[in-house]
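Summary of structural features
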2 protein chains.
Amino acid sequence: MRHFDVEMNDLQNRLLDMAGLVQAMIKAATQELVARDPKQADTVFCFEKKVNIQEIVIDDKCLKLIALNQPVGADLRFITSAMRINSDLERMGDEAVNISRKAFDLIKHSELNPLVDIPKMIEVVQNMVMDCIRAFNTNDSELALSVLAKDDEVNNLKNRVFDDLKILMVKASDMETIQRVVDLMFIAKSIERLGDHATNISEDVIFMVHGKDVRHPRT
Amino acid sequence: MRHFDVEMNDLQNRLLDMAGLVQAMIKAATQELVARDPKQADTVFCFEKKVNIQEIVIDDKCLKLIALNQPVGADLRFITSAMRINSDLERMGDEAVNISRKAFDLIKHSELNPLVDIPKMIEVVQNMVMDCIRAFNTNDSELALSVLAKDDEVNNLKNRVFDDLKILMVKASDMETIQRVVDLMFIAKSIERLGDHATNISEDVIFMVHGKDVRHPRT
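Nothing here was measured: the structure is a model prediction, and the numbers come from that model. (Residues numbered from 1 in each chain as written. Chains lettered and ligands numbered in written order. Predicted model: local features only at pLDDT ≥ 70, side-chain atom pairs only at ≥ 80, totals over all residues. Heavy atoms only, no water.)

This paragraph deals with the overall build of chain A. Of regular secondary structure, chain A possesses 7 helices and 0 strands. N-terminal to C-terminal, the α/β element order of chain A is α-α-α-α-α-α-α. Taking 219 residues into account, the globule formula puts the C-alpha radius of gyration at 17 Å, and chain A, at 19 Å, falls close to it. Overall size of chain A, expressed as C-alpha extent along the three principal axes, is 65 × 40 × 20 Å. The contacts of chain A with a sequence gap of at least 6 include a subset with a gap of at least 24, amounting to 82%. About 9400 Å² of surface is accessible on chain A, with carbon and sulfur atoms providing 50% of the total. (Helix = DSSP H or I, 4+ residues; strand = E, 2+ residues; numbered from the N terminus. Rg over C-alpha atoms; globule rule 2.2 N^0.38 Å. Contact = heavy atoms within 4.5 Å. Areas by Shrake-Rupley, 256 points an atom, 1.4 Å probe, with all protein chains shown as cover.)

On to the interface of chain A and chain B, then. Counting residues at the interface gives 44 residues for chain A, matched by 44 residues for chain B. With both chains or domains summed, chain A and chain B bury close to 3700 Å², and 66% of this area falls on carbon and sulfur atoms. A per-residue breakdown of the area chain A buries against chain B is headed by V170(A), F186(A) and H216(A), which together make up 15% of the total. Applying the counting criterion to the chain A and chain B interface returns 8 salt bridges. When the shortest N-O distance is used, the salt bridge between D59(A) and R215(B) registers 2.8 Å. The interface formed by chain A and chain B includes 8 residue pairs in polar contact (both at pLDDT 80 or more). Of all the secondary-structure elements, those providing two or more residues to the side of chain A that touches chain B are α2 (40–69), α3 (73–106), α6 (151–171) and α7 (175–210) of chain A. Taken together, the residues that form the side of chain A that touches chain B break down as 20 nonpolar, 9 polar and 15 charged. (Buried area = accessible area lost by both parts, 1.4 Å probe. Salt bridge = Lys/Arg side-chain N within 4 Å of Asp/Glu carboxyl O. Polar contact = N/O pair within 3.5 Å; in protein donor to acceptor, adjacent residues only side chain to side chain. Nonpolar A, V, L, I, M, F, W, Y, C, P; charged D, E, K, R; others polar.)

Once that is clear, we can look at the state of the cysteines. Residues and elements named next belong to chain A. If you walk through the whole model with that rule in mind, you get 0 disulfides over all chains. In this model C132 remains outside any disulfide bridge; the closest cysteine sulfur is found in C62, 17 Å from its own. Its relative accessible area of 0% is what places C132 among the buried residues. (Disulfide = S-S within 2.5 Å. Buried < 20%, exposed > 50% of the residue type's maximum accessible area, 1.4 Å probe, protein only.)

When chain A is fitted onto chain B, the two copies agree to an RMSD of 0.0 Å after a turn of 180° and an axial shift of 0.0 Å. Taken together, the turn and the small shift mark the pair as related by a two-fold rotation axis. In terms of proximity to the rotation axis, the leading residue of chain A is Q70(A), whose C-alpha is 2.7 Å off the axis. In this assembly, 100% of the residues forming the interface of chain A have copies in chain B that are likewise at the interface, indicating an isologous arrangement. (Least-squares fit on C-alpha atoms with pLDDT ≥ 70 in both.)

Take the packing of α7(A) against helix α6 (residues 151–171) of chain B next. Between α7(A) and α6(B), the shortest axis-to-axis distance is 9 Å and the interhelical angle comes to 120°. With respect to each other, α7(A) and α6(B) are oriented oblique. With respect to the hand of their crossing, α7(A) and α6(B) are arranged in right-handed fashion. Of α6(B), the residues touching α7(A) (which contributes M175(A), I178(A), Q179(A), V182(A) and F186(A)) are F162(B), K166(B), I167(B), M169(B) and V170(B). Its residues placed into classes, the contact of α7(A) with α6(B) shows 8 nonpolar, 1 polar and 1 charged. (Axes fitted to C-alpha atoms, helices over the stretch in contact; angles between N-to-C directions. Parallel < 35°, antiparallel > 145°, perpendicular 65-115°, else oblique. Left-handed = near helix turned anticlockwise from the far one by under 90°.)

The next subject is the packing of aromatic side chains. Tallying each qualifying case throughout the model produces 5 aromatic pairs over all chains. Each ring, one from F186(A) and one from F186(B), has its centre 4.7 Å from the other, and the planes form 25°; the classification is stacked. In this pair, F186(A) sits in helix α7 while F186(B) sits in helix α7 (residues 175–210), so the two residues belong to two different chains. The class for F186(A) is buried, based on a relative accessible area of 6%. With a centroid separation of 5.9 Å and an interplanar angle of 15°, the aromatic rings of F78(B) and F136(B) are classed as stacked. With F78(B) in helix α3 (residues 73–106) and F136(B) in helix α4 (residues 118–138), the pair connects residues that are 58 residues apart, well separated along the chain. When sorted by exposure, F78(B) lands in the same class as F136(B), which is buried. Among the aromatic residues, those joined into a ring-pair cluster are F162(A), F186(A), F162(B) and F186(B). We note K158(A) situated over the ring of F162(A); from NZ or CZ to the ring centre the distance is 4.9 Å. (Phe/Tyr/Trp six-rings, centres within 6.5 Å; stacked < 30°, edge-to-face > 60°. Lys NZ or Arg CZ within 6 Å of the ring centre and 35° of its normal.)

It is worth spelling out the nonpolar core at this point. Residues L89(A), I118(A), M169(A), L89(B), I118(B) and M169(B) are the most contacted members of the largest nonpolar core, which totals 147 residues. Aside from chain neighbours lying at most four places away, what touches M169(A) is I178(A), V181(A), V182(A), M185(A), M169(B), A172(B), I178(B) and V182(B). (Core = buried A, V, L, I, M, F, W, Y, C linked by side-chain atoms within 4.5 Å.)

Another aspect to go through is the side chain of S81(A). Tracing the chain through its elements places S81(A) in helix α3. Those residues in contact with S81(A), other than ones at most four positions away along the chain, are D204(A), F207(A) and M208(A).

Looking now at the confidence of the model for chain A. The share of residues in chain A with pLDDT of 70 or more is 97%, and the mean pLDDT across the chain is 94. For this predicted complex, the interface confidence reaches an ipTM of 0.92, while the overall pTM sits at 0.94. (pLDDT = per-residue confidence, 0-100.)

On to the pattern of salt bridges. This structure, assessed with the given rule, holds 42 salt bridges over all chains. R84(A) is the partner of D204(A) in a salt bridge, and the nearest nitrogen-oxygen pair spans 3.2 Å. One end of the pair, D204(A), is in helix α7; the other, R84(A), is in helix α3, with 120 residues separating them in the sequence. A relative accessible area of 5% places D204(A) in the buried class. R215(B) is the salt-bridge partner of D213(B), the closest N and O atoms lying 2.8 Å from each other. Looking at R215(B), the relative accessible area reads 14%, which means it is buried.

In structure tokens:
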């Protein structure tokens, strides 16, 4: 194997490792909320540090790969897509931190009307995240396309969650309840954003495989 | 001037044009809210289309610049930073669209308790956006650093806005008022995110100028 191919393999493996960390962060943060388990916060915060370091290491590696090997075509697309996916993964980690922080406060209080449809949202988005990473790992643009198709489902679920939460807000007349409903709203927003990042990564995979930019189809 | 330098100049000018469009979108969306002027929505949606097209054109140009010229060092850093800034600018445009959509609904109703501190947030964030673009245009890393320093101010303002809005929620007992307060909350969140993107761009400028990655200082 050429030295360049070894390095490209290493880049892919590093991104997959980072994706594994981010998936673990999402799982821990959502478990913290759903299973009311504050210990999960430790995982989230410990992995965030690792993810932040990996982001910088991977970007640096991408720049060196370009500067030293002057790749073109599919290789260059792979490296620039890697930089983008790297950035999306790091931001997914940030959203997991946001969820964990709010969950940590929320679970100190008694449960609020079984989290409405948030667990359902979590399930759909976790599958999107899993699939976009698998699509990246196996160059599977069909699988990447299937992730894009789930975006509407997440938006519909989020709208339903918001409608339910707004009804709770109308009924609430104390600051503590309002605070908890607002926290749940922003947790739902973070879950939606996780889905957006999975969509971004899927678009990158399609670009990587076909050299075709599928962003903004309706522009 | 070498052909490569002409192309690099063109890349910078395209990014500055795109930044101009995004600034105009932010101005229009916030004016729509503050001056209660629904006509501003036209500007936001018209410019969004242009920004989306420019994002793809600029990314494509960056890839070709790398593939055909095999740049290293500062030139390579400039191009990869341009790709990142391009992405942040596009997402800033998306936030302007979010603000405009919510403002469009909000201003159909009578004014809600003079928008609390949202106009102040808008002012600070518009300055951050202006400064990060100027820093990019003039390679001014000092100015970029000054943008990073404003992040805390925006967060504090947002927390104050949220506190005020939560008090309004406690008092409200009808769905229409709750809907308007929730909309204002997400407008404040979008403004905060505009500041986050200005911070990202400033970090890219510092990396571009010094080759030093200043993300995650506390990691």
